[in-house]
Amino acid sequence: MAIERTFSIIKPDATRRNLTGRINAIFEENGLRIVAQKRIWMSRAQAKEFYKVHKDRPFYNDLVDFMVSGPVVVQVLEGENAVAKNRELMGATNPANAAPGTIRKLFAESIEANSVHGSDSPENAAIEIAYFFAGCEIVG
Ligand code: ADP
Ligand code: MG
């Protein structure tokens, strides 16, 4: 397995409850290194662009409202098979379906306020990382 990078967001429901450190500990205890990280308050335009793949879904407007409702922590995680590993650590989108011990089972409030985002493919990871980070901000 190759060393890979993925993009992660700790969402507003989790920053509001001061869960950044507990979520980061799960990444680090499971072999993912945080090689870039910053706390930002996304603009509506940024959130709409980031989630544009979902623009025709009924939950899109609410999702954008949620993502701009408070600060988020955007991150680049690095490790073996990082994209799939992070998806495994996150758990299913709906916390009701998430496996025990996953971030969403432990912390998510709802299918929308589900604490974390993680890229779903290496191709999307590269696009999402480039959207939020300059190359010189990522230090492995
Ligand atoms: P994931 O984040 O697991 O990759 P999706 O890409 O399908 O899930 O959806 C993006 C985000 O949109 C989810 O993380 C969640 O915040 C929100 N979302 C997805 N499905 C729903 C839904 N049915 N109702 C409300 N919000 C949803
Ligand atoms: Mg997704």
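Residues numbered from 1 in each chain as written. Chains lettered and ligands numbered in written order. Predicted model: local features only at pLDDT ≥ 70, side-chain atom pairs only at ≥ 80, totals over all residues. Heavy atoms only, no water.

*Asks:* I keep staring at the site of ligand 1 and nothing clicks. Help me out?
*Replies:* Every residue lining ligand 1 is accounted for by K11, Y51, H54, F59, L63, R87, T93, R104, I111, E112 and N114. Between ligand 1 and the protein, one listed contact pairs an oxygen atom with a side-chain N or O atom of K11 at 2.9 Å. At 2.8 Å, a backbone N or O of E112 approaches an oxygen atom of ligand 1. Contact with the protein chains covers 78% of the free accessible surface of ligand 1, which is 530 Å². Each residue belonging to the shell around ligand 1 can be placed in one class, and the counts come to four nonpolar, three polar and four charged. (Near = heavy atom within 4 Å. Polar contact = N/O pair within 3.5 Å; in protein donor to acceptor, adjacent residues only side chain to side chain. Areas by Shrake-Rupley, 256 points an atom, 1.4 Å probe, with all protein chains shown as cover. Nonpolar A, V, L, I, M, F, W, Y, C, P; charged D, E, K, R; others polar.)

*Asks:* Honestly, the side chain of N86 in this entry has me stumped. Any pointers?
*Replies:* One can find N86 in helix α5 (residues 82-90). Judged by its relative accessible area of 0%, N86 falls in the buried class. (Helix = DSSP H or I, 4+ residues; strand = E, 2+ residues; numbered from the N terminus. Buried < 20%, exposed > 50% of the residue type's maximum accessible area, 1.4 Å probe, protein only.)

*Asks:* In this structure, what is going on with the environment of N30? I would like to understand it.
*Replies:* Take N30: it is sitting in the loop between α2 (20-29) and β2 (33-40). Residue classification places N30 among the partly exposed residues on the basis of a relative accessible area of 34%. Distance in space between the C-alpha atoms of N30 and K105 is 16 Å, their sequence separation being 75 residues. Among the polar contacts made by the side chain of N30, one reaches the main-chain carbonyl oxygen of I26 at a distance of 2.7 Å.

*Asks:* Before we go on, may I ask you to explain the side chain of S121 in this structure?
*Replies:* For S121, the location among the structural elements is in the loop between β4 (116-118) and α7 (122-132). Within the local environment of S121, its side chain forms a polar contact with the backbone nitrogen of N124, the two atoms lying 3.0 Å apart.

*Asks:* Where do I start with the sheet that holds strand β3 (residues 72-80) in this structure?
*Replies:* In sheet architecture, strand pairing relies on hydrogen bonds along the backbone and comes in two forms, parallel and antiparallel. Taken in spatial order, the four strands of this open sheet run β2-β3-β1-β4, and their pairing is antiparallel. The open sheet terminates on both sides in strands that have one partner only, identified here as β2 and β4. Pairwise comparison of adjacent strand axes, ignoring direction, gives a mean angle of 20° for this sheet. Bridge count for β2 against β3 is seven bridges, and the pairing is antiparallel. Looking at β3, one finds that I40 is bridged to V72. (Pairing = 2+ DSSP bridges. Axes fitted to C-alpha atoms, helices over the stretch in contact; angles between N-to-C directions.)

*Asks:* Looking at this structure, how should I read unusual backbone geometry?
*Replies:* Glycine aside, a negative phi is what most residues show, and trans is what most peptide bonds show. The backbone phi angle of N18 is positive, close to 65°, even though this residue is not glycine. Here N18 is to be found in the loop between α1 (12-16) and α2. The class for N18 is exposed, based on a relative accessible area of 69%. For S115, which is not glycine, the phi torsion reads 75° and is therefore positive. The residue S115 is located in the loop between α6 (103-107) and β4 in this model. Under the relative-accessibility criterion, S115 is labelled buried at 0%.

*Asks:* Hey, could you run me through the environment of A92 in this one?
*Replies:* Note that A92 resides in the loop between α5 and α6. Overall, the relative accessible area of 29% leaves A92 in the partly exposed class. Placed 10 residues apart in sequence, A92 and T102 show a C-alpha to C-alpha distance of 8.5 Å. Not counting the four nearest positions on each side in its chain, A92 is found in contact with N97, A98 and R104. (Contact = heavy atoms within 4.5 Å.)

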